[in-house]
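# Report on the structure
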Amino acid sequence: MFFRLLLAGILAATLASAQRGGGGKGASSAPIMMGNTPDKLAMLTDTFKLNKDQKKLVKTVLDEGQKDATPLRDEAIKSRLAIGEAISAGKSQDQIDQLVKSHATIESQMADIEMKAFVKIYQGLDKEQQPKAQMLFQMMSGIFKNKNWNE
């Protein structure tokens, strides 16, 4: 019982933090910049001193990764919701475990897309830039979980 309550709490916190505003096309859907916080592409450009071709490569790779990840992101949201609903409905532990296993598969596929994008970008860096790639590696974790990787 404790496990179910703990899992339900984690799920509720995850879903609450994943919620975004409306989704309409009004002024409220514009990205909000906090202070002078640069976007991720600007951070990468500054950190790695990317030239024009490298910057284009990074943007292209991340845009393609976002496109590949979109159906998985939507599937992951539905999967988390299904886990929560199963717990709330008092489904058997076997049924919940199967849903969790299915969700883990989705997350694994998302990580695969992230790592492939990292490799492509890393390979586009010069030898002098590659030692700084730890920052890029850390940034890649979860980069496609939002609707726009650059938010």
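Every value quoted in this text rests on a predicted model; they were computed, and no experiment measured them.

### Description of the overall build of the chain
Along the chain, the regular secondary structure elements total five helices and zero strands. Along its sequence from the N terminus, the chain presents helices and strands in the succession α-α-α-α-α. Per-residue burial for the chain yields a buried fraction of 30% across its 151 residues. For the chain, contacts bridging at least 24 residues in sequence account for 77% of all contacts bridging at least 6. In the form shown here, the chain has an accessible surface area of approximately 10,100 Å², with 58% of it arising from carbon and sulfur atoms.

### Looking at the environment of Arg 73
On the secondary structure map, Arg 73 appears in helix α3 (residues 52-88). For Arg 73 and Phe 144, which are 71 residues apart along the polypeptide, the C-alpha to C-alpha distance reads 7.7 Å. The contact partners of Arg 73, leaving out residues within four places of it in the chain, are Gln 66, Met 110, Phe 144, Lys 145, Asn 146 and Lys 147. At 3.4 Å, the side chain of Arg 73 forms a polar contact with the backbone oxygen of Asn 146.

### Quick notes on the packing of helix α4 (residues 93-124) against helix α5 (residues 133-140)
Running from amino to carboxyl end, α4 crosses α5 at an angle of 155°, the nearest separation of the two axes being 10 Å. The angle between the axes of α4 and α5 places the two elements in the roughly antiparallel class. Where α4 crosses over α5, the handedness of that crossing is right-handed. On α5, the residues that touch Glu 114, Met 115, Ala 117, Phe 118, Ile 121 and Tyr 122 of α4 are Ala 133, Leu 136, Phe 137 and Met 140. Partitioning the contact of α4 with α5 into residue classes produces nine nonpolar, no polar and one charged.

### Details of unusual backbone geometry
The phi torsion at Lys 49 lies on the positive side, around 55°, for a residue other than glycine. Mapped onto the secondary structure, Lys 49 falls in the loop between α2 (40-48) and α3. Under the relative-accessibility criterion, Lys 49 is labelled exposed at 63%.

### Describing the environment of Lys 147
For Lys 147, the location among the structural elements is in the segment after α5. Between the C-alpha atom of Lys 147 and that of Thr 70, which follows or precedes it by 77 residues, the distance is 7.4 Å. Each residue touching Lys 147, except ones within four places of it in the same chain, is listed here: Gln 66 and Arg 73.

### Some points on the pattern of salt bridges
Within this structure, the stated rule accounts for five salt bridges. Each of Arg 80, Glu 107 and Lys 145 takes part in salt bridges that share partners, so that together they form one network.

### A look at the packing of α2 against α5
Between α2 and α5, the least distance of the axes is 10 Å, while the angle of their chain directions is 165°. Looking at the two axes, α2 sits roughly antiparallel to α5. α5 is crossed by α2, and the crossing has left-handed handedness. Listed contacts from α5 to Lys 40, Met 43, Leu 44, Thr 47 and Phe 48 of α2 are Ala 133, Met 135, Leu 136 and Met 139. Its residues assigned to classes, the contact of α2 with α5 comprises seven nonpolar, one polar and one charged.

Rules behind the numbers
Residues numbered from 1 in each chain as written. Predicted model: local features only at pLDDT ≥ 70, side-chain atom pairs only at ≥ 80, totals over all residues. Heavy atoms only, no water. Helix = DSSP H or I, 4+ residues; strand = E, 2+ residues; numbered from the N terminus. Buried < 20%, exposed > 50% of the residue type's maximum accessible area, 1.4 Å probe, protein only. Contact = heavy atoms within 4.5 Å. Areas by Shrake-Rupley, 256 points an atom, 1.4 Å probe, with all protein chains shown as cover. Polar contact = N/O pair within 3.5 Å; in protein donor to acceptor, adjacent residues only side chain to side chain. Axes fitted to C-alpha atoms, helices over the stretch in contact; angles between N-to-C directions. Parallel < 35°, antiparallel > 145°, perpendicular 65-115°, else oblique. Left-handed = near helix turned anticlockwise from the far one by under 90°. Nonpolar A, V, L, I, M, F, W, Y, C, P; charged D, E, K, R; others polar. Salt bridge = Lys/Arg side-chain N within 4 Å of Asp/Glu carboxyl O.

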